[in-house]
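Listed below, chain by chain, are the residues.
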Amino acid sequence: MSVDVAATLGASVLAIVDPSLLLSLQSWLGAVGDLVFGVLLWVLDQWYWLMDWVYYVTGLEMLNPRYRFMHRAILVGLCVGVMAPLIGTFLVHRQLALIGDALAHTAFAGVAIGLFLNAVIDLGVSPYLTAVVVAMIAALFIELISEVTDAYNDVSMAIVLSTGFALGTTLISLNAGGLAVGVNQFLFGNLSTVSPQSAAILLVLFAVIVGTVAVTRNQLLYVTFDETAAAVSGIPVNWYNRVMVMLTAMVVVGAMQIMGVILVAAMLVVPVAGATQVSRSFSESLVVSVVLAELAVLLGIAVAYYGGVTAGGVIVLVAVGIYICAIALGKVQSIRGERTTPDMGSIEADSVDVNTGTGDD
Amino acid sequence: MSTHDTDSGSAAGTAEQTPTTMESDAPATEPVIDVSEVTFGYTATPVVEDVSLTIDPGEYVAIVGPNGSGKSTLMQLMVGLREPDRGTANLFGERAARFDDGERVGYVAQQASATKEMPITVREVVKMGRFPHVGFGRLSSADWTIVDDALATVGMSGFADRRVTQLSGGQRQRAFIARALASEADLLVLDEPTVGVDAESVDAFYDLLAALNAEGITVLLIEHDLGAVVEHADRVVCLNREVYFDGPTDEFVDSDALARAFGTEARFLGEVDG
C-alpha cells in the first residue's frame, strides 16, 4: 500500500537523524498514513452510495453499482474538472499554456521510474506517486531556469518535455518483459483502471490544490496579471511562481489517470480559453471555465462509456466543441455590448480643480 | 562620451551632490528615495554608474534619458526590484531590496506591457491595490469603499465593470493609477506611462498626476518624451548611465545637459513654457 511505503520511507529518513526515534516514529507515521487512507476510502464509500442512489433514481446504465470503476472514474473526472481549469486559468493568462504538456511528459518519466523500481526492487509504490514527485521536480527545474534567464523560454520547455518522454520510453523498453502491458493506460488514460488507491491519491491532490489556490488566490491573481507591480507591492513573486508550477505538476498527474499523458494539457487550456471568450471578470472566468470543464468531462465519459471509445480523446473533443461555441457566443456578446459606452467621469482629486487648469494647445 | 572611465567616485556634471556618508538615523523628513553612488550592470559593463540622488516627499521628479540610458534600470533599483552591484538604494529609509511596506509604492508600467487578453474588470484591477493590506484574507467593506473611491478619483467609476481589454490606452492607465491609489501609496512610480496613449488622453493623464502630486503624493516619472517632462515635472534628472543633470526643470531647459546626454540631435519635442 502506497501510503504505508511513504510513511516507511519518511520514517527511515528521520531514523538517520535520530535512530532512537525509529520505532515510535515509524508506527506513528504508519498510523497516520493508515488513518488518512482509511478516511479517503470512507469518502469513496460515501461516493459509491451517492452514485448508487443516482442510479436507482435515473436508471443510467453507466452508474450501475456493478461498475464501481465507473463511479471512481466519474469522481476523478469531477475533481479534474475543477482543478485543471482552476490552475489553467493562471497559466493561460501568463502565456504558459504549454507548461502542462511539458510536465505531463516528465510525469510519464515518473511513471516509468515507478514501474521500473517496482519491477527491480519490488518497491510496491503507485506509479502515480513517483509521477507526482518527478513532475514536481521538473516543474521546479523549469521555474528555476526561467528565474535565472529572466524569461520562460520555449526552448528549455521543449527540452524538458522531450527529455522526460525519452527517459520514460527508455526505462520502459529496458524492462520490456513485464512492463509494456501497462503503458497504454498512462499514455491515453483509462476509465476502467482507476483503482481505489489512485482515486485516493487524486483526492489528496485535489485537496492540496484547491486549498492552496483558495488561500493564495489574491497573490496568484496579482502575479498573473502584473508581475512587476506585484513584486513592487512586496509579493514574493518567485515563490508564487514556484507554487504555481508545482500545483500544475499535481494537476497533470491527477488528470493523467483518465486523460492520459498526451491529452492531459488540454484540460488546463481548452476550458479556460472558452471561458475567456465569454467572461468579463476574472472570478466569472474561473467559474465558467470550471463549468465548461465539468460539462466536457461528464459528456465525454458518457460518450466514452456508451460508444466504447477512449475517454480522454472524447473529453478533449467535447471540450473543443464547447470552446468553438464559446467563441461564437463571445462574438455575439461583444457585438451587442459595443452599443453602450459609459461616460468617462472627470477627475475628482480634491485639492486642485484640474478641469480649469488644463490649457492644452 | 563618458566624462570618466574609472570608478573614481566623482559625479561630473551633477548639480546636486548628495553626501557620500550614510546617515544611520533618518532625519525629520525622511527622503522617499535615497540612492547613493549606485552602480549596476547586467554584464560587466555598468548600465547605471555612480548615481546619487535623493527624492523628498511631495516632489514631482522625472528621469529622462535616451533609449538604453539605464533609466528603467535605475527605477528598478530604486523600488528594490534589483540590488545594486555597488552603493546603496534606500526606499523610505529602508534598504530597497528588503523593503516590505510594498503598499506604499504604486507602480504603473507602459500600457503596452500590461495588454493581455485576460478577462478582468477595472474594479478587479483596482482591487489588487488592497492585496498588500489584506494578505490572504478577503476584502472588507472598508476596503471596497477605498477601491470605489479610487475609481471615482480617476473618473473611472462608470467603467468599473468593464473588461480592461476593452479600454483605451489612457483609460487603462487611469485604472492602474487607481490601483496605486487604492493601495494608499505615498510614492507613484510610472515607467513611460504614456507610450501608446492617444494625445488627448495624455493631457488628461498628466493633469491627474499633477492633481495627485498636489495632494502630497510623490511622483517619479520615467519618461522619454522630453516635451511632457519639461511641461509637467518640477525636477528633472537627466541620465545616460551617469547623472548628467539633476535640478529644477527651468534650469534643465537652459543647460546643455540634454545635448551632452542625448548627443547633438536632441531637441525638445513640445513647446516649453517659462
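Residues numbered from 1 in each chain as written. Chains lettered and ligands numbered in written order. Predicted model: local features only at pLDDT ≥ 70, side-chain atom pairs only at ≥ 80, totals over all residues. Heavy atoms only, no water.

Engineer: I would appreciate a short explanation of the overall build of chain A in the present structure.
Structural biologist: For chain A, the count of helices and strands is 15 helices and zero strands. Every one of the 361 residues in chain A was classed for burial, and the buried ones make up 48%. Considering only contacts in chain A between residues 6 or more positions apart, those separated by 24 or more positions represent 74%. Carbon together with sulfur atoms contributes 69% to the accessible area of chain A, which is approximately 16400 Å² in total. (Helix = DSSP H or I, 4+ residues; strand = E, 2+ residues; numbered from the N terminus. Buried < 20%, exposed > 50% of the residue type's maximum accessible area, 1.4 Å probe, protein only. Contact = heavy atoms within 4.5 Å. Areas by Shrake-Rupley, 256 points an atom, 1.4 Å probe, with all protein chains shown as cover.)

Engineer: Help me understand the overall build of chain B in this model?
Structural biologist: What chain B contains, in helices and strands, is nine helices and ten strands. For chain B, the residues scored as buried account for 56% of the 274 residues in total. Restricting to contacts in chain B with at least 6 residues of sequence separation, those with at least 24 account for 68%. Total accessible area computed for chain B in this model is approximately 11200 Å², and 46% of it derives from carbon and sulfur atoms.

Engineer: Help me understand the confidence of the model for chain A in this model?
Structural biologist: A low pLDDT means the predicted coordinates there should not be read in detail. When pLDDT is averaged across chain A, the result is 83; 83% of the residues are at 70 or more. Long-range and interchain partners of residues 350-361 of chain A, a stretch whose pLDDT sits below 50, account for twelve contacts in this model, where long-range means more than four residues apart. (pLDDT = per-residue confidence, 0-100.)

Engineer: Would you mind going over the environment of Val251 of chain A with me for this structure?
Structural biologist: Topologically, Val251 of chain A is positioned in helix H11 (residues 237-259). Spatially, the C-alpha atom of Val251 of chain A lies 9.3 Å from that of Gly88 of chain A, the residues being 163 residues apart in sequence.

Engineer: Which parts of the structure should I look at to understand the pattern of salt bridges?
Structural biologist: Note that side chains of opposite charge can pair when their charged atoms are close. Residues and elements named next belong to chain A. As enumerated under the stated definition, the model contains 14 salt bridges over all chains in all. Across the salt bridge formed by Arg68 and Asp52, the nearest N and O atoms sit 3.0 Å from each other. Residue Arg68 is found in helix H3 (residues 68-92), and its partner Asp52 is found in helix H2 (residues 22-58); the two are separated by 16 residues along the sequence. Assessed through its relative accessible area of 14%, Asp52 is described here as buried. (Salt bridge = Lys/Arg side-chain N within 4 Å of Asp/Glu carboxyl O.)

Engineer: Help me out: how do you make sense of empty space enclosed by the protein in this one?
Structural biologist: Here the idea is plain: a probe the size of a water molecule rolls over the atoms and shows the empty space left. Applying the stated criterion across every chain yields a total of five cavities of 30 Å³ or more. The space that makes up the largest cavity amounts to roughly 70 Å³. As for the largest cavity, its lining consists of Tyr222, Ala229 and Ser233 of chain A together with Val105, Gly106, Tyr107, Gly129, Arg179, Ala180 and Ser183 of chain B. Elements with a contribution of two residues or more to the lining of the largest cavity: strand S6 (105-108) and helix H5 (169-182) of chain B. Here the lining of the largest cavity takes three residues from S6 of chain B, the largest share from any one element. Grouping the constituent residues of the lining of the largest cavity by class yields five nonpolar, four polar and one charged. (1 Å grid on protein atoms, 1.4 Å probe; cavity = no way out; pocket = protein on both sides within 12 Å on 5 of 7 lines; lining within 4 Å. Points joined across faces, edges and corners; volume = space filled by probe spheres on them. Nonpolar A, V, L, I, M, F, W, Y, C, P; charged D, E, K, R; others polar.)

Engineer: Mind showing me how you'd approach the packing of aromatic side chains here?
Structural biologist: For any pair of aromatic rings, geometry is given as the distance between the ring centres together with the angle between the planes. The full count for this structure, using the stated rule, is 13 aromatic pairs over all chains. Where Phe92 of chain B meets Phe99 of chain B, the ring centres are 5.6 Å apart and the plane angle is 20 degrees; that geometry is what we call stacked. Across the pair, Phe99 of chain B and Phe92 of chain B agree in class, each one buried. Put simply, the rings of Tyr67, Phe69, Tyr305 and Tyr306 of chain A touch in pairs and so form one group of aromatic residues. In this arrangement the basic side chain of Arg242 of chain A is found over the ring face of Trp239 of chain A, its NZ or CZ atom lying 4.6 Å from the centre. The lysine or arginine in question, Arg104 of chain B, covers the ring of Phe92 of chain B, its NZ or CZ lying 3.8 Å from the ring centre. (Phe/Tyr/Trp six-rings, centres within 6.5 Å; stacked < 30°, edge-to-face > 60°. Lys NZ or Arg CZ within 6 Å of the ring centre and 35° of its normal.)

Engineer: Can you help me understand the nonpolar core in this one?
Structural biologist: What tends to happen in soluble globular proteins is that the nonpolar side chains get buried as a cluster. Ranked by size, the top nonpolar core spans 190 residues in total, and within it Ile177 and Leu209 of chain B carry the most contacts. When residues in this core are grouped by element, the largest group, 14 residues, is from H11 of chain A. When residues of this core are assigned to domains, at least three fall in each of domain 1 (1-66) and domain 2 (67-336) of chain A. Dropping the residues within four chain positions of it, Leu209 of chain B is found in contact with Tyr60, Ile177, Leu188, Leu190, Val219 and Leu221 of chain B. (Core = buried A, V, L, I, M, F, W, Y, C linked by side-chain atoms within 4.5 Å. Domains from an automatic or database assignment.)

Engineer: What is the right way to read the pairing of strand S4 (residues 86-91) of chain B from this model?
Structural biologist: Residues and elements named next belong to chain B. When strand S1 (residues 33-40) meets S4, the two strands line up antiparallel, connected through five bridges. Bridged to Ile33 within S4 is Leu91. As paired elements, S4 and strand S5 (residues 94-95) share two bridges and run antiparallel to each other. Residue pairing across strands places Asn90 opposite Arg95, the latter belonging to S5. The hairpin formed by S4 and S5 contains two residues between the paired strands, and Phe92 there has a positive phi angle of roughly 50 degrees. (Pairing = 2+ DSSP bridges.)

Engineer: Just to check I follow, could you spell out the confidence of the model for chain B for this structure?
Structural biologist: All names here are of chain B. When pLDDT is averaged across chain B, the result is 80; 84% of the residues are at 70 or more. Contacts of residues 1-27 to residues separated by more than four positions or lying in other chains number 30 contacts, the stretch itself having pLDDT below 50. Contacts of residues 269-274 to residues separated by more than four positions or lying in other chains number ten contacts, the stretch itself having pLDDT below 50.

Engineer: What exactly am I supposed to notice about helix H4 (residues 99-121) of chain A here?
Structural biologist: What sets the pattern is the α-helix's 3.6 residues per turn: residues three or four places apart point alike. Over its 23 residues, H4 of chain A extends 32 Å from the first C-alpha to the last, a length consistent with the 33 Å expected when each residue adds 1.5 Å. The positive-phi residue at the C-terminal boundary of H4 of chain A is Asp122 of chain A, with phi of around 55 degrees. (Expected span 1.5 Å × (residues − 1).)

Engineer: Sorry if this is basic, but what is going on with the packing of H3 of chain A against helix H9 (residues 196-225) of chain A here?
Structural biologist: When two helices pack together, you describe them by how their axes are tilted relative to each other and by the distance separating the axes. Residue and element names in this part refer to chain A. Direction vectors running N to C along H3 and H9 enclose 20 degrees, while the axes themselves pass 9 Å from each other. If you check the angle between H3 and H9, you find them roughly parallel. Crossing geometry of H3 relative to H9 is assigned as left-handed. Residue-level contacts link Arg72, Leu75, Val76, Cys79, Val80, Val82, Met83, Leu86, Ile87 and Phe90 of H3 to Pro196, Ala199, Leu202, Leu203, Phe206, Ile209, Val210, Val213, Leu220, Leu221 and Thr224 of H9. Looking at the contact of H3 with H9 residue by residue, the classes come out as 19 nonpolar, one polar and one charged. (Axes fitted to C-alpha atoms, helices over the stretch in contact; angles between N-to-C directions. Parallel < 35°, antiparallel > 145°, perpendicular 65-115°, else oblique. Left-handed = near helix turned anticlockwise from the far one by under 90°.)

Engineer: Is there a simple way to explain the sheet that holds strand S3 (residues 60-64) of chain B in this structure?
Structural biologist: One key point about sheets: their strands pair by backbone hydrogen bonds, in either a parallel or an antiparallel sense. Residue and element names in this part refer to chain B. Pairing within the open sheet is mixed, and its six strands lie in the order S6-S7-S8-S3-S9-S10. Looking at the sheet topology across the chains shown, the edges are occupied by S6 and strand S10 (242-248). Each strand of the sheet is rotated relative to its neighbour by a mean of 15 degrees, with strand direction disregarded. With five bridges connecting them, strand S7 (residues 187-191) and strand S8 (residues 218-223) associate as parallel partners. When the bridges of S8 are listed, Val189 appears paired with Leu220. Its contacts with the sheet place H5 against S6 and S7, and it is angled at close to 165 degrees to S6. Contacts between helix H6 (residues 199-214) and the sheet are confined to S3, S7 and S8, with S8 contributing the most and set at about 150 degrees to the helix.

Engineer: When you look at unusual backbone geometry in this model, what are you seeing that I'm missing?
Structural biologist: Most peptide bonds take the trans configuration, and most residues that are not glycine carry a negative phi. Residues and elements named next belong to chain B. Residues other than glycine seldom take positive phi values, yet Asp50 does so here, at roughly 55 degrees. Examined against the element boundaries, Asp50 turns out to sit in strand S2 (residues 48-55). Look at Asp50 and you get buried, because its relative accessible area is 14%. With a phi close to 50 degrees, Phe92 is a non-glycine residue in the positive phi region. As for its placement among the helices and strands, Phe92 is situated in the loop between S4 and S5. Using a relative accessible area of 8% as the deciding quantity, one classes Phe92 as buried.

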